[in-house]
Each structure stands twice: as structure tokens, then as C-alpha cells.
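Given next are the chains, with one letter for each unit.
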Amino acid sequence: MSDIIRLLPDSVANQIAAGEVIQRPASAVKELLENAIDAGAQHIDLVIKDAGKTLIQVTDNGCGMSETDARMAFERHATSKINSVNDLFSIRTMGFRGEALASIAAIAQIELKTKKVEDELGTCIIIEGSEVKSQEFCQCQSGTTFMVKNLFFIVPARRKFLKSNTVELRHILEEFQRVSLAHANISFSMFNDGKAIFQLRPCSLKERIVAIFGQNFNKRLIPVEQEMESMSITGFVGKPEFAKRVRGEQYFFVNKRFMKHAYLNHAVDNAFDQLLPEKSYPAYFIFIDINPEEIDINIHPTKTEIKFQDEKVMYSVLRSAVKASLGKFSITPSLDFSKDPTLDFTMPSKDTPIRQPSLKLDPNYNPFGYAKKEPSMRETSNLQNWENLYPDRNTGDEEFQPAKIVVEQALQVKADLGNEDSTPDNFFQLHHSFILTQVKSGLMVIDQQNAHERILYERYLNLLGNRKALSQQELFPVKISLPPAEAELLHDLIDELNLLGFHIEPDTSKSFQFRVNGTPSGLKQTDIVGLIEGIIDNYKTNMLELNLDKRYNIARSLAKNLSIKRGKKLQQLEMKSILESLFACQVPDISIDGQAVIRIIPLDRLLNFDMDQSEQNPNNRS
Ligand code: ADP
Ligand code: MG
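How each quantity is defined
Residues numbered from 1 in each chain as written. Chains lettered and ligands numbered in written order. Predicted model: local features only at pLDDT ≥ 70, side-chain atom pairs only at ≥ 80, totals over all residues. Heavy atoms only, no water. 1 Å grid on protein atoms, 1.4 Å probe; cavity = no way out; pocket = protein on both sides within 12 Å on 5 of 7 lines; lining within 4 Å. Points joined across faces, edges and corners; volume = space filled by probe spheres on them. Helix = DSSP H or I, 4+ residues; strand = E, 2+ residues; numbered from the N terminus. Nonpolar A, V, L, I, M, F, W, Y, C, P; charged D, E, K, R; others polar. Near = heavy atom within 4 Å. Polar contact = N/O pair within 3.5 Å; in protein donor to acceptor, adjacent residues only side chain to side chain. Expected span 1.5 Å × (residues − 1). Bend = angle between axes of the 7 residues up to and from the residue. Buried < 20%, exposed > 50% of the residue type's maximum accessible area, 1.4 Å probe, protein only. Pairing = 2+ DSSP bridges. Axes fitted to C-alpha atoms, helices over the stretch in contact; angles between N-to-C directions. Contact = heavy atoms within 4.5 Å. Parallel < 35°, antiparallel > 145°, perpendicular 65-115°, else oblique. Left-handed = near helix turned anticlockwise from the far one by under 90°.

Asks: What's the story with the layout of surface pockets in this structure? I'm lost.
Replies: Of the pockets and cavities examined, the second largest pocket occupies roughly 1,300 Å³. Counting residues per element, the lining of the second largest pocket draws most heavily on helix α6 (residues 165–182), at eight residues. Its residues placed into classes, the lining of the second largest pocket shows 16 nonpolar, eleven polar and 13 charged.

Here it is in C-alpha cells:
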């Protein structure tokens, strides 16, 4: 048998390596921006076409390259940044692996123009798929311009894996934001398909955050500072009240390099401890500056993961630094005596007597089991629970259509209500959270927030399907500026939101800015900016978790944001109006999260309460 092992040609080896370093246009953007920074540039321009698929161009005014260096730069493992293994432990540059340019050159067409300040003429090199097509002297500015055209043209299979332009552009924006946040002293610009997206002057970190994420961030940031011998922590955390339901603006930089680090993430979350509602995430922009000897960034080709020599120490230092800042700005959990104590009410746990009636429900019923389905389907499938609210009903009747049941039940409760003289003082509010009233069969308990969400949800769905809602003009149009990704989402939603009574228009003079000229009439919320942001956040979460259709998603996000919450004291008339609107709904009994809105405690349950309890205590069963 003849020998079969061969050495791969460089071009193939480079293509394989490229797969690790350059997964998508955004990875090339990152490498080129970092090279410009390492070259000491004070000004860096990024130009993108077609979400980077046809063109990525980075121009810097850094040190430039000599003729020989320009050619060398594309060799694999060619770098000017380290000489020996020891240098790995004192890295202060962004790059050091000498792989990026070789990788990009293996899969794209590159035109490089570069000139050192002291040189008269620059060098222009054209490379396609690792092959040098031409090299000549040229006239150009001091510094370097890389043009990367048709990324992945050599590996069409990989090109096919790229996502839509919207998605790829979002990745590029993210990389651009990371690099420009870490280097506020450098000016950056970014153009996409001829449109200016960012023009960032040199400034302080706070100003850079505001320039990227919008004016709103000005009031939201708390500085963090911790100086130690071998390390310092600086940056900002967002005030807890602006935490979002999706992990959004969370940035760690170690020696100016953006890092993913779940453990440190946890340290910050932990510092916020009691300050945040469940499942919400604070913003942060934290810079750790540490002696390079104490870290290892060499563990991943894209250099976004890092190992600390002593992670536990890092964790506690970071946690206490954030805690200290929150404390200094007196944002710590404390007893607030001005607060109505009944508001601190927490839902009773499963085995407390007050929730006994709900044990009647199917114990296997999991509202979230349906959560991923299309909402109307979820609603019908949950309708069976309605029957459980009425133990006397003949539930064996297979012929009942679920939709019919609901209407009938709703009618029955309505009739029940009608039978009593439902004067306003027939309602009782429990813990500012539940509306209690008597019905023929017993006591009806309504979760006010679930109820109101349901009411608003159906109202908005209706409006989206029909006609334009009434809108009230804002006296002074409210300006909103959003981070690019969110701005894009809002662009997508404007038509529907305007159908619901908003009057939002993009500000044509500035990208990512909008004007809100009107809001749905009757809207009491005064924080319009917060409202719009809340809706976008919610929409994003729904998109990720529930995969909802746009119309359902908007109706849901709006309902969630505008509903009356648990803990709000209601007047008799308000309670009455909620009940009336609720029973006008198509699915009054199921909340938009698939939970019960209405519970009825039948009279006989109340009469036999003690017996029930022992009956339903599993410990008493044999
Ligand atoms: P690394 O950055 O890891 O050294 P790269 O492949 O990204 O590897 O770059 C190879 C070399 O090319 C760098 O070490 C640097 O000397 C040179 N280089 C790359 N980009 C630039 C630039 N914009 N200006 C000056 N020199 C550059
Ligand atoms: Mg590099």
C-alpha cells in the first residue's frame, strides 16, 4: 500500500483556520478594527455594504506598514506584536495570534493600501483567496485602508450559512459598539450602504455610552470605581429601575478587550441582589484593568474568553465594587416606611388555605406548557380549566365546543352578577391585587392584573384588525433615541403602533431618533420614552420566547406595559368597569400568560372548608 498522508497546501490550511477566526462578516470587522487600534490610530472609519457580505472597509490613520510588512502581514502566524512565548503573558495589544489577515485573505478579495508617515509612497496589494494578484507603489494617506470584498466567495458553502442582512448587520453593530466603547478616546465612524450610522468624537466613557445607546442613558448610569494594587475596576452600572427583561447592554472589558464571562456576569447580578425584579437584567459597562500576567486570553481564537488566575477573588472584588457604588448612590434595599405595608404582600404559597380552591384545578395543568403555541390555540386548549371552576357542571359531555363553553360560562357569571344588585360597593379589593365579589354560586376572585392584561390584549388585537384607534396629541412631541438594533425594531413596528393610537415618526434628520407626536387616547402614562422602551423590550422577549406573530406580539407587549398592576388600589367604579370589560372579552378566564383570571370558591367549599383541607392534604392519604 502506498503512503496516503500529505501536508495540506497553505491555502487550504488557511481556509480551515479561517473557519475558526472568521465566522461571519462581523468577525472580520472586529479583527480589522482591532488591528487599526493596535496600529495606534486616532481615527477609524468603517464602511459596510450589504451587511458586510460585499464590502467591509476599514481606514485608519495609524502607523501604516512598510512594503515588506504589508506583504508579510498576510502570512499565517505573522505578527509584529509578540516575539516569544513569554510575551504572551504581557499582552497589551488586541491582536497577537497573527491569524486574522491570513484567514480573511484565504476567503475573500482584499485590497490593502498602506503608508508609513515617513514614507513618500505607499504600498497597494491585491490578494484573492490567499493569492497575491498584484503589488505596487501608490499614492495614499499615511495609515492603512483594508477593503475586504465578497467575503466567503471562495467557500460558497459557508456563504450560504450567513443570515439575513438585518441579522448580520446587527452582529456588526455589536462588534463596532464593543470596540468603540472600549476606546472612547478614539474617534470612529460607521457607514452602512451609504448611510451614516455612527459618528463618534473622542470623549469620556460616559459620553461614549450616551452617543451609542442614546440620550436616555445620561440619567441612568452610576459610576463604579475600585482601585487596587494589581488591578482596577472602572465603568458604570445602570440604575436598577432601568433594568430590562432581556440581557441587553451588558459589557465587560478586560484590558480594553470585550469579554464574555458568565461567572463575572453573575457577580454583578449578585451585587444587585434584592434590587431587581425577577428575570430582569441591569445594564453595565465595566472595565477591568489587570496585570496581563494574571490572565490568559489565549484560550480561544476569537479572544472573547478569558481565564483569571484567581477567579474567586475577581468575583468578590467585582461584586463588592458594584455593591459599594449602588450603596453610595443609596440604591440599596431598605425598609421604606412611607410605603403601604399591604403592598409588600407576596402570593401565598401553594399550601396556604387561602389558595385551597385552586387545588381543584388539574394538578398536571401547566400553563407554560402551552406558552410556545400560537395564542389563540393556547386559549382554547386552556378552556377546560374553566370547567374546573364549576365543580357542579357535567364535565363529561364531549360534545361541548370549548369556545362555546367559555361564552356560556361567561354568560352565567354575568347572569350571576346581574342577579345580585351589583351596586359599586359589592366589590372588595384584597391586598390591592384581587377583586372579590359574590356570585350566585359563591365567591368570585379576580386577579386584577391578569384581568386587565386580558382586556387590553383583546382590545388591541381588535384595533389592529380593524380601524385606527383614537389618538391624543402630545403637547410637545417627545423625542426618543434608541440603540441601532432597537431602532430597527421600532421601524418595523411603527405601522401597527400607530394603528393603536400612537403617532410615532422617524426623525429624518437623525438615524435612530423618533418623534412621538401622539399616544393612544386615555393613556395615563407620562413616561413615554420608558413606555416605548418597555414595549420594545417586551416585544423582543416575546419574539425569542414565544415566537409570536407580530400582531399578537404587539397587542401582548402593549397590554403588559399598560395594564393595571397588582398592588394598585382600585376604586369601586374601577373594579366594576374591569369586571364589565372582562366579561365582554372573548376569553375572560384565561390570562394572556395562560393563567387563571377568575377563580370561584363555591359556597359548599366554604361550608366544608375544614374537611376539604384534610381531604386534600396528601399526607393524610394512604
Ligand atoms: P495580529 O493582529 O494578531 O498580529 P493580524 O493578522 O491581524 O495579526 O495582523 C498581522 C500584522 O499585520 C500585525 O501584527 C501588524 O503588524 C500588521 N497590521 C495589520 N493591520 C494593520 C494596520 N491597520 N496598520 C498597521 N499594521 C497592521
Ligand atoms: Mg489582528
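Asks: What is the right way to look at the site of ligand 1 in this model?
Replies: Taken together, 20 residues surround ligand 1, and among them Asn35, Thr79, Ser80, Lys81 and Gly98 come closest. Contacts to ligand 1 include Gly98, whose backbone N or O atom sits 2.7 Å from an oxygen atom. Here a nitrogen atom of ligand 1 sits 3.3 Å away from a polar atom, N or O, in the side chain of Thr144. Contributions of two or more residues to the shell around ligand 1 are made by α4 (100–107) and β6 (143–149). Each residue belonging to the shell around ligand 1 can be placed in one class, and the counts come to nine nonpolar, seven polar and four charged.

Asks: Where do I start with helix α14 (residues 484–499) in this structure?
Replies: The periodicity of an α-helix, 3.6 residues per turn, causes residues three or four positions apart to be oriented the same way. Over its 16 residues, α14 extends 24 Å from the first C-alpha to the last, a length consistent with the 22 Å expected when each residue adds 1.5 Å. Along its length, α14 reaches its greatest deviation from straightness, about 50°, at Leu493. Buried within α14 we find Pro484, Glu486, Ala487, Leu489, Leu490, Leu493, Ile494, Glu496, Leu497 and Asn498. Positive backbone phi, at 110°, marks Gly501, one or two positions downstream of α14.

Asks: Which parts of the structure should I look at to understand the sheet that holds strand β18 (residues 442–447)?
Replies: The strands making up a sheet associate through hydrogen bonds between their backbones, and the pairing can be parallel or antiparallel. The antiparallel open sheet is built from four strands, whose spatial order is β16-β17-β18-β22. Looking at the sheet topology across the chains shown, the edges are occupied by β16 (428–430) and β22 (598–602). The average angle at which neighbouring strand axes cross in this sheet is 30°, direction not considered. In terms of strand pairing, β16 meets strand β17 (residues 434–439) through three bridges, oriented antiparallel. Bridge pairing in β17 links Gln429 to Ile435. Here helix α13 (residues 448–465) sits on the sheet and contacts β16, β17 and β18; the angle it forms with β18, its principal contact strand, is near 65°. Docked against the sheet, helix α17 (residues 572–583) engages β16, β17, β18 and β22, running at close to 90° with respect to β18.

Asks: For this particular structure, what's the right way to read the pairing of strand β21 (residues 513–520)?
Replies: Working note: regular strand, side chains alternate between the two faces of the sheet. Extensive coverage of β21 is indicated by the burial of seven of its eight residues. In this sheet, β21 lies alongside strand β20 (residues 503–506) in antiparallel orientation, the contact comprising four bridges. Along β21, the bridge assignment pairs Pro506 with Phe514. Counting the residues between successive antiparallel strands, the hairpin from β20 to β21 contains six residues, one of them, Phe512, with a positive phi of roughly 70°.

Asks: Explain the packing of α13 against α17 to me, please; I cannot follow it from the model alone.
Replies: Packed helix pairs are characterised by how far apart their axes lie and by the angle those axes make with each other. At their nearest, the axes of α13 and α17 sit 9 Å apart, and the two run at 50° to each other. Classified by the angle their axes make, α13 and α17 are oblique. Two packed elements cross with a definite hand, and for α13 against α17 that hand is left-handed. Together, Ala451, Arg454 and Ile455 of α13 and Ile578, Ser581 and Leu582 of α17 make up the contact between the two elements.

That's the geometry; what it means functionally is another story.
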